[in-house]
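Notes for the structure review
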Amino acid sequence: MKANNNKWSMIEAVIFDMDGLLIDSEPFWRIAEKEVFGSVGIQVTASQASLTSRMTTKEVTEYWFNFKPWKDKRLAHIEQQVIKRVGELIDCDGQTLPGVIETLERFKRAGCKIGLATNSPAVLMSQVLSKLEIGHYFDITLSADHVRKGKPSPDIYLKMASSLSVDPSRCIVLEDSTSGIAAARAAGMAVIAVVGQYFYDNIEFDIADVRIGSLLDFYDDQINILNKMLKYRACK
């Protein structure tokens, strides 16, 4: 049951993104895509990889096939090769990002329901939770495999709210990408952008309700702000 504390009064659930928030897996995706798409004649540069970094694996595979079609290998096979390689890198080098455990503990102590919503495939979501040993914190976990459209569509966040039996207006979301923030806002949720110091002043993150550099910067002040925002929106 949620703690009877005024600063939490409107907050019933918190939903976490995964890649770039719980684990620094972005480099793993770049390595895997460079290797796998390179095997079918596509040279993926860093700038090109940034264009597809927030797509689902299926969308990325379709993007590169449309850019430069290959022969002999089915799209589904290439997609699975990327996923398999990312999984190998997670198993070898995956580490919990700073502040993750402390933040999960804070919400758990407050009695909030906790969800995980990621554009990554379900198999990688399970691998990350196992590798980081944090699966027990989450009441519900959803991947792009569980919805028709991935982020920036709000589908996964709306499904998460329904699965947690919580109104979207009483959910807060922690995201590190503009597509994820857009998805959460479209679902009617309050959003904390965890953007890193390098992107902190990027105006693209202005759509978030609160902006912090890392989970280590997540304090009670942000909780109070979000609680007040949710109260205000509920009264409109």
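Given the structure is predicted, the values throughout are model-derived calculations rather than measurements. (Residues numbered from 1 in each chain as written. Predicted model: local features only at pLDDT ≥ 70, side-chain atom pairs only at ≥ 80, totals over all residues. Heavy atoms only, no water.)

**Focus: the overall build of the chain**
Within the chain one finds nine helices and six strands. Whereas a compact globule of 236 residues would reach a radius of gyration of roughly 18 Å, the chain reaches 18 Å, a difference of no more than 12%. Dimensions of the chain, computed from the C-alpha atoms along their principal axes, are close to 60 × 35 × 35 Å. When the accessible surface of the chain is totalled, it reaches about 11500 Å², and 51% of it is carbon and sulfur. Charged side chains of the chain number 28 positive and 30 negative; the gap between the two group centres comes to 4 Å. (Helix = DSSP H or I, 4+ residues; strand = E, 2+ residues; numbered from the N terminus. Rg over C-alpha atoms; globule rule 2.2 N^0.38 Å. Areas by Shrake-Rupley, 256 points an atom, 1.4 Å probe, with all protein chains shown as cover. Lys, Arg positive; Asp, Glu negative; His and termini not counted. Charge placed at Lys NZ, Arg CZ, Asp CG, Glu CD.)

**A few points about the sheet that holds strand 3 (residues 140-143)**
As summarised here, the arrangement of the six strands in space is 3-2-1-4-5-6, forming an open sheet in which the pairing is parallel. Pairing within the sheet leaves two strands with one partner each, and these edge strands are strand 3 and strand 6 (210-212). Here the strands of the sheet are splayed against their neighbours by 20° on average, with no regard to which way each runs. The pairing of strand 1 (residues 13-16) with strand 4 (residues 171-175) spans four bridges and is classified as parallel. Across the sheet, residue Ile 15 finds its bridge partner in strand 4, namely Val 173. Helix 9 (residues 220-235) rests against strand 4, strand 5 (190-194) and strand 6 of the sheet, and its axis sits at about 150° to strand 5. (Pairing = 2+ DSSP bridges. Axes fitted to C-alpha atoms, helices over the stretch in contact; angles between N-to-C directions. Contact = heavy atoms within 4.5 Å.)

**What to know about the packing of helix 1 (residues 26-38) against helix 4 (residues 75-93)**
In the contact formed by helix 1 and helix 4, the axes pass within 9 Å of each other and the chain directions differ by 140°. As the angle between them shows, helix 1 and helix 4 are arranged oblique. Helix 1 and helix 4 meet at a crossing whose hand is right-handed. Residues Phe 28, Trp 29, Ile 31, Ala 32, Glu 33, Glu 35, Val 36 and Phe 37 of helix 1 form the contact with helix 4, whose participating residues are Ile 78, Gln 81, Val 82, Arg 85, Val 86, Leu 89, Ile 90 and Asp 93. Of the residues contributing to the contact of helix 1 with helix 4, the split by class is 11 nonpolar, one polar and four charged. (Parallel < 35°, antiparallel > 145°, perpendicular 65-115°, else oblique. Left-handed = near helix turned anticlockwise from the far one by under 90°. Nonpolar A, V, L, I, M, F, W, Y, C, P; charged D, E, K, R; others polar.)

**A closer look at the environment of Leu 104**
Looking at the element boundaries, Leu 104 is found in helix 5 (residues 100-109). A relative accessible area of 0% places Leu 104 in the buried class. C-alpha separation for the pair Leu 104 and Phe 138, spaced 34 residues apart in sequence, amounts to 8.9 Å. Those residues in contact with Leu 104 that sit more than four places away from it in its chain are Phe 16, Ile 114, Ile 134, Tyr 137 and Phe 138. (Buried < 20%, exposed > 50% of the residue type's maximum accessible area, 1.4 Å probe, protein only.)

**Description of the side chain of Asp 209**
Tracing the backbone through its elements, the reader meets Asp 209 in the loop between strand 5 and strand 6. There is a polar contact of 2.7 Å between the side chain of Asp 209 and the backbone nitrogen of Val 191. In this structure the side chain of Asp 209 is engaged in a polar contact, spanning 2.3 Å, whose partner is the side chain of Arg 233. Residues within four places of Asp 209 in sequence aside, it is in contact with Arg 185, Met 189, Ala 190, Val 191, Leu 226, Met 229 and Arg 233. (Polar contact = N/O pair within 3.5 Å; in protein donor to acceptor, adjacent residues only side chain to side chain.)

**What to know about the pattern of salt bridges**
Two side chains that carry opposite charge are able to pair once their charged atoms sit near each other. All chains considered together, the criterion is met by 10 salt bridges. Note that Arg 106 is salt-bridged to Asp 220, the shortest N-O span being 4.0 Å. Of this pair, Arg 106 sits in helix 5 while Asp 220 sits in helix 9; the two residues are 114 residues apart in sequence, bridging distant segments of the chain. Overall, the relative accessible area of 22% leaves Arg 106 in the partly exposed class. With a closest N to O distance of 2.3 Å, Arg 211 and Asp 206 form a salt bridge. Residues joined by salt bridges that share partners form a network here, namely Asp 17, Lys 151 and Glu 175. (Salt bridge = Lys/Arg side-chain N within 4 Å of Asp/Glu carboxyl O.)

**Description of the nonpolar core**
Ranked by size, the top nonpolar core spans 54 residues in total, and within it Phe 16, Leu 22, Phe 37, Phe 107, Phe 138 and Leu 174 carry the most contacts. Of all the elements, helix 4 adds the most residues to this core, at six residues. Phe 138 has contacts with Phe 16, Leu 22, Leu 104, Ile 114, Gly 115, Leu 116 and Leu 129, leaving out every residue within four places of it along the chain. Grouped together as the second largest cluster of nonpolar side chains are 23 residues, Ala 13, Cys 171, Met 189 and Val 195 included. (Core = buried A, V, L, I, M, F, W, Y, C linked by side-chain atoms within 4.5 Å.)

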